[in-house]
Amino acid sequence: MYLQVPLYKHIADLSGRGNHVLPVPAFTLINGGKHAGNNLALRDIIVLPIGAKRFEKAMQMGSETYHHLKAVITEKFGAQGCNVGEDGGFAPNISRHESCLFFEEGLDLVKEAINRTGYNGKLKIAIDVAATDFCIGNYLIIFIPLNFA
């Protein structure tokens, strides 16, 4: 039977939920580890545009942040820092320390890109730690306290 309602509404009706929640796209900004050919001790640094009221705006926010990140990386590492990993994020060699594999520098790059977009408070940062690679790969795991103030 054809109900003449959008699919998302039909699914919401079937589930008994009356309110509709906008899906939030995830944007991989920085790739690390096996998928990037660098020494970053995690797989991805991702942003989620949770402050967008419309999906189109969420896409715009993610895209603008990605392009600002390119500028931030270019300023710090030069054009060679803008290599791209398997998942489409930038893959700069941000872990230059011989004894430790820090990812705080990657987070700082992303935070600077967010600051430049003006979307502070509207984007959340997420990480994919690729935990299975910690058991299988050759990663050095060290607790590093991070200051997000």
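Our subject is the structure that appears above.
Residues numbered from 1 in each chain as written. Predicted model: local features only at pLDDT ≥ 70, side-chain atom pairs only at ≥ 80, totals over all residues. Heavy atoms only, no water.

A. The arrangement of the pattern of salt bridges in detail. Taken as a whole, this structure holds eight salt bridges when the rule is applied. For Asp87, the salt bridge goes to Arg43, with nearest N and O atoms at 3.3 Å. Pair noted here: Asp87 is in the loop between helix H2 (55-77) and helix H3 (104-117) and Arg43 is in the loop between strand S1 (27-31) and strand S2 (44-48), with a separation of 44 residues, a long-range link. On the basis of relative accessibility, which here comes to 34%, the residue Asp87 falls in the partly exposed class. For Arg43, a relative accessible area of 23% corresponds to the partly exposed category. Here Glu56 ties to Arg54 by a salt bridge, and the two come within 3.5 Å at their closest N and O atoms. Beyond isolated ion pairs, a larger network of salt bridges with shared partners links Arg43, Asp44 and Asp87. (Salt bridge = Lys/Arg side-chain N within 4 Å of Asp/Glu carboxyl O. Helix = DSSP H or I, 4+ residues; strand = E, 2+ residues; numbered from the N terminus. Buried < 20%, exposed > 50% of the residue type's maximum accessible area, 1.4 Å probe, protein only.)

So far we have only geometry, and geometry alone does not tell us how the molecule works.
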